[in-house]
Amino acid sequence: MLIPSIDLQGGQIVQLVQGERLAVATDDVDGWVRRFERFPAIQLIDLDAAKSKGDNRALVASICGRLPCRVGGGIRTVERAAALLDGGARKVIVGSSLFRGGQPDLEFAASLSARLGADRLIAAVDARGGHVVIDGWRTRLPITPVDAIRTLEPFFGEFLFTNVDVEGLMRGLDRPAIQAVRDATTRAVTAAGGVTTEDDISWLDGIGVDAVAGMAIYTGRLKI
């Protein structure tokens, strides 16, 4: 399944290369929402909230009212996750806050799962150079994505694996890394980073992984 990505920053939809360089920015939020209406799932990320530079809460709520969204960005408490679900998000994506002291924070993961249910929770495990990265991909941890996923598996119904090494470059997937993640868990897996062509999506589908695409869609490289 193809899941379009909507990344919000400063009230705009944006696309960043490897989380840093701005490559796409548009105020046409309504236009893109209309284009995505036929998709069964949308990934909606509040980059400002993720970076602790404000938030786009009103816009997130508006989009969730129109599209079936899985929402992430700056979710650091059980209460915030619950509020997003109450506000219309189908699922919530939790990332950096799942790690403390370089390792998965199992107490926080367990509290999320107990309160909200694993089926509504997606753990975001982002990787660069074969290791988990957090804090906007700036902090590298000693743990690998596979080990993190195996540890967090009891508490989450799905994992979102983003390979930062290829994210936003439109050069294709790191297939061995994705295969290793797929083999590490029985839970649902979604892959982001490098999804560029229909062949990428077909390969992912063949191993039972959903595809998140952003840059390729907004630049017209991938026709939807």
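For clarity, every value in this text was computed on a predicted model and none was experimentally measured.

Draft legend 1. Quick peek at the overall build of the chain. Helix and strand content of the chain: nine helices and 14 strands. Here the chain has a C-alpha radius of gyration of 16 Å; the compact-globule value for 224 residues is 17 Å, and the two agree. The C-alpha extent of the chain, read off along each of the three principal axes, is 40 × 35 × 30 Å. Expressed as a percentage of its 224 residues, the buried residues of the chain come to 55%. A separation threshold of at least 6 residues defines the contact pool for the chain, and within that pool the share at least 24 residues apart is 65%. In the chain, the 26 positive side-chain charges and the 28 negative ones have mean positions that sit 2 Å from each other.

Draft legend 2. Local environment of the nonpolar core. Grouped together as the largest cluster of nonpolar side chains are 65 residues, with contacts concentrated most on I6, F36, L44, I63, L98, L112 and F156. Looking at which element gives the most residues to this core, the answer is helix α4 (residues 78-86), with five residues. With sequence-adjacent residues up to four places away left out, I6 is seen in contact with I13, F36, I42, Q43, L44, I45, I63, L67 and Y218. If you look at the next biggest cluster of nonpolar residues, it comprises 12 residues, including L16, I93, I122 and L160.

Draft legend 3. Local environment of the pattern of salt bridges. Inspection of the entire model under this criterion finds nine salt bridges. With a shortest N-O distance of 3.8 Å, E37 and R66 are connected by a salt bridge. Taken together, the positions of E37 in the loop between α1 (29-35) and β4 (42-46) and R66 in the loop between α3 (57-64) and β5 (69-72) put the pair 29 residues apart, joining distant regions of the chain. Residue R66 is classed as partly exposed on the basis of its relative accessible area of 38%. One connected set of salt bridges, linked through shared partners, spans D30, R34, E37 and R66.

Draft legend 4. Molecular detail of the pairing of strand β10 (residues 131-134). Pairing of strand β9 (residues 121-128) with β10 involves two bridges; the strand directions are antiparallel. Each bridged residue has a counterpart across the sheet, and for A127 the counterpart in β10 is V132. With antiparallel pairing between neighbouring strands as the criterion, β10 and strand β11 (residues 139-140) make up a hairpin whose turn holds four residues, including D135 at a positive phi of roughly 55 degrees.

Draft legend 5. Fine view of the packing of aromatic side chains. Under the definition given, this model contains five aromatic pairs. Ring centres of F36 and F39 lie 6.2 Å apart, and the angle between their planes is 80 degrees; on these two criteria the pair is classed as edge-to-face. Its relative accessible area of 0% is what places F36 among the buried residues. Judged by its relative accessible area of 9%, F39 falls in the buried class. Among the aromatic side chains, those forming a connected cluster through ring pairs are W32, F36, F39 and Y218. Looking at R35, its charged tip hangs above the ring of W32, at a distance of 4.1 Å from the centre.

Draft legend 6. Summary view of α4. The set of residues buried in α4 consists of V78, R80, A81, A82, L84 and L85. Elements that come into contact with the buried residues of α4 comprise α3, β5, β6 (91-94) and α5 (106-116). G88, located one to two residues past α4, shows a positive phi value of around 120 degrees.

Draft legend 7. Representation of the environment of E167. On the secondary structure map, E167 appears in the loop between β12 (158-163) and α7 (175-184). Counting along the chain gives 39 residues from E167 to R128, while the straight-line C-alpha distance between them is 9.9 Å. Residues contacting E167, with those up to four places away along its chain left out, are L16, V17, Q18, G19, W137, T162, G193 and G194.

Rules used in this analysis
- Residues numbered from 1 in each chain as written.
- Predicted model: local features only at pLDDT ≥ 70, side-chain atom pairs only at ≥ 80, totals over all residues.
- Heavy atoms only, no water.
- Helix = DSSP H or I, 4+ residues; strand = E, 2+ residues; numbered from the N terminus.
- Rg over C-alpha atoms; globule rule 2.2 N^0.38 Å.
- Buried < 20%, exposed > 50% of the residue type's maximum accessible area, 1.4 Å probe, protein only.
- Contact = heavy atoms within 4.5 Å.
- Lys, Arg positive; Asp, Glu negative; His and termini not counted.
- Charge placed at Lys NZ, Arg CZ, Asp CG, Glu CD.
- Core = buried A, V, L, I, M, F, W, Y, C linked by side-chain atoms within 4.5 Å.
- Salt bridge = Lys/Arg side-chain N within 4 Å of Asp/Glu carboxyl O.
- Pairing = 2+ DSSP bridges.
- Phe/Tyr/Trp six-rings, centres within 6.5 Å; stacked < 30°, edge-to-face > 60°.
- Lys NZ or Arg CZ within 6 Å of the ring centre and 35° of its normal.

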